[in-house]
Amino acid sequence: MNRTARAFWLSAPGEGEIREVALPEPGEGDVLVRSLYSGVSRGTETLVFRGGVPESQHAAMRAPFQEGNFPAPVKYGYLNVGVVEQGPDALAGRTVFCLYPHQTRYVVPASAVTVVPDTVTAARAVLAGTVETAVNALWDAAPLVGDRIAVVGGGMVGCSVAALLARFPGVRLQLVDADPSRAEVAGSLGVAFASPEDALGDCDLVVHASASEQGLARSLELLRPEGTVLELSWYGDRQVAVPLGEAFHSRRLVIRSSQVGTVSPARAGRSYADRLALALDLLADSALDALVTGESPFEELPEVLPKLASGRLPALCHRVRYPDAP
């Protein structure tokens, strides 16, 4: 077995490099995975790349197989799809998803990988972690048939939530974003699009995922009395002003947080594995390919991530392709 691999490390805030790393010998119950694709979730990973994880959140923000510590040096990432080269017979040769950073090959416990269904391409399966976030959000939000819903923020998470909500019967659904180019993605997902000023109000539920004060304020404005904003944005080390004056109390509005780090209490008895398996099943819908808006080779990550972090390279999910990818 080749005992080395290549991995992307954040060497300092705003600077990344490819390092050669040693691989451990797989033990009984481990798998050796050769990466095909990984994904860069632009919101969280570019915040990590800029060194914007607050010290109070260093433990909460650790990825399952992260090495190093925030702000740097750190090996970070959680959207990886590969092929099992060595492991139990039931997994050998199978395409799997794992919450692993950007690395050419890696060894993890077999329990850490989830088999990608035959109905889902390896290239699309990199979206599993984000669709899992959307699943958890909708478990928290519990939308009902016929609800009037807006998703404010057309990034990777917002679009994933909108794509799943589009399957709910009878809902009035809009994806709301200040960037008119998001209309094309919304159309691919079968979702109506609106600018913030043109969005329909009187909503039962607004899912906020823009990570901006303006987006949160507009989300509250779009609610009917006693409506709920489900807050999915993570603001890192920024302080955020929330408009709780004027009619916030008299209209009895609700702001509720949702975070993928724990399984929604609304689904007691469901495990992390159950939630991820469901997310992968939902990726059988080819419309979700619209969430992958760019691709580059693994070796170019040190040049690509600064462009993603600065916005010079616009993206929802940026896919990283490894040498043996189909």
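Refer to the preceding data block for the structure.
Treat the numbers as computed from the prediction; the structure is a model and nothing was measured.

Colleague: What is the right way to read the overall build of the protein from this model?
Modeller: Within the protein, the regular secondary structure consists of eight helices and 17 strands. Relative to the 2.2 N^0.38 estimate, which gives 20 Å for 326 residues, the radius of gyration of the protein is 20 Å and therefore close to what a compact globule would have. Counting across all 326 residues of the protein, residues that qualify as buried make up 51%. Long-range pairs, those at least 24 residues apart, make up 66% of the contacts in the protein between residues at least 6 apart in sequence. Per element, the accessible surface of the protein, about 14,100 Å² overall, is 50% carbon and sulfur. Looking at the protein, you have 28 positive and 37 negative side-chain charges, and the mean spots of the two groups are 2 Å apart.

Colleague: Got a minute to help me understand unusual backbone geometry in this structure?
Modeller: The phi angle of most residues is negative, glycine excepted, and most peptide bonds adopt the trans form. The omega torsion of the bond from phenylalanine 70 to proline 71 falls at 0 degrees, within 30 degrees of zero and hence cis. The peptide bond linking alanine 72 to proline 73 adopts the cis configuration, its omega dihedral lying at -5 degrees. In this structure, proline 73 sits in the loop between strand 4 (67-68) and strand 5 (74-75). Of note in the backbone geometry, alanine 142 takes a positive phi value of approximately 50 degrees without being a glycine. With respect to the element layout, alanine 142 can be found in the loop between helix 3 (128-141) and strand 10 (148-152).

Colleague: For this particular structure, what's the right way to read the pairing of strand 14 (residues 223-231)?
Modeller: For a regular strand, side chains alternate in direction, first toward one face of the sheet and then toward the other. Where strand 13 (residues 203-208) lies against strand 14, five bridges are found, and the strand directions are parallel. Within the sheet, the bridge partner assigned to leucine 205 lies in strand 14 and is threonine 228. In this view, the connection linking strand 13 to its parallel neighbour strand 14 by way of helix 6 (residues 213-221) has right-handed handedness. Sheet topology note: the strand 14/strand 15 (residues 254-257) ladder contains four bridges and is parallel. Within the sheet, the bridge partner assigned to leucine 230 lies in strand 15 and is arginine 256.

Colleague: How should the packing of aromatic side chains be read in this particular structure?
Modeller: One pair of aromatic rings is described through two measures. These are the centre distance and the angle between the planes. A complete count under the given rule lists five aromatic pairs for this structure. Taking the centre distance of 5.4 Å and the plane angle of 35 degrees together, the rings of phenylalanine 65 and tyrosine 100 count as tilted. Taken together, the residues span a long stretch of sequence, with phenylalanine 65 in the loop between helix 1 (42-49) and strand 4 and tyrosine 100 in the loop between strand 7 (95-98) and strand 8 (105-109) at a distance of 35 residues. Looking at phenylalanine 65, the relative accessible area reads 24%, which means it is partly exposed. Residue tyrosine 100 is classed as buried on the basis of its relative accessible area of 6%. Ring centres of phenylalanine 298 and tyrosine 322 lie 5.0 Å apart, and the angle between their planes is 25 degrees; this geometry places the pair in the stacked category. Of this pair, phenylalanine 298 sits in the loop between strand 16 (292-297) and helix 8 (301-310) while tyrosine 322 sits in the segment after strand 17 (317-321), and the two are 24 residues apart along the sequence. On the accessibility criterion, phenylalanine 298 (2% relative accessible area) is buried. The exposure class assigned to tyrosine 322 is buried, which follows from its relative accessible area of 2%.

Colleague: Would you explain the pairing of strand 2 (residues 15-22) in this entry?
Modeller: Both strand 1 (residues 4-12) and strand 2 contribute to a ladder of eight bridges, which runs antiparallel. Residue pairing for strand 2: alanine 5 is matched across the bridge by valine 21. Hairpin connection, strand 1 to strand 2: the antiparallel pair is bridged by two residues, and glycine 14 has positive phi, about 85 degrees.

Colleague: So what exactly am I meant to see when it comes to the pattern of salt bridges here?
Modeller: Two side chains of opposite charge can pair, provided their charged atoms sit close to one another. Tallying each qualifying case throughout the model produces 18 salt bridges. Residues glutamate 299 and arginine 6 are paired through a salt bridge, measuring 3.1 Å at the closest nitrogen-oxygen approach. Note that glutamate 299 is positioned in the loop between strand 16 and helix 8 and arginine 6 in strand 1, a separation of 293 residues in sequence. For arginine 6, a relative accessible area of 32% translates into the label partly exposed. For the salt bridge of aspartate 202 with arginine 148, the shortest nitrogen-to-oxygen distance reads 3.0 Å.

Colleague: Would you mind showing me how to read helix 5 (residues 182-189) here?
Modeller: Helical geometry note: an α-helix holds 3.6 residues per turn, so side chains three or four residues apart project in the same direction. Where helix 5 is concerned, the buried positions are Arg182, Val185, Ala186 and Leu189. End-on, the buried residues of helix 5 take up no more than an arc of 100 degrees, which puts them together on one face. The inward-facing, buried residues of helix 5 contact helix 4 (156-165), strand 11 (172-176) and strand 12 (192-194). Of the residues flanking the end of helix 5, it is glycine 190, one or two places downstream, whose phi is positive at about 75 degrees.

Rules and cut-offs
Residues numbered from 1 in each chain as written. Predicted model: local features only at pLDDT ≥ 70, side-chain atom pairs only at ≥ 80, totals over all residues. Heavy atoms only, no water. Helix = DSSP H or I, 4+ residues; strand = E, 2+ residues; numbered from the N terminus. Rg over C-alpha atoms; globule rule 2.2 N^0.38 Å. Buried < 20%, exposed > 50% of the residue type's maximum accessible area, 1.4 Å probe, protein only. Contact = heavy atoms within 4.5 Å. Areas by Shrake-Rupley, 256 points an atom, 1.4 Å probe, with all protein chains shown as cover. Lys, Arg positive; Asp, Glu negative; His and termini not counted. Charge placed at Lys NZ, Arg CZ, Asp CG, Glu CD. Pairing = 2+ DSSP bridges. Right-handed = clockwise from strand over helix to strand, strands pointing away. Phe/Tyr/Trp six-rings, centres within 6.5 Å; stacked < 30°, edge-to-face > 60°. Salt bridge = Lys/Arg side-chain N within 4 Å of Asp/Glu carboxyl O. Arc of directions from axis to C-beta.

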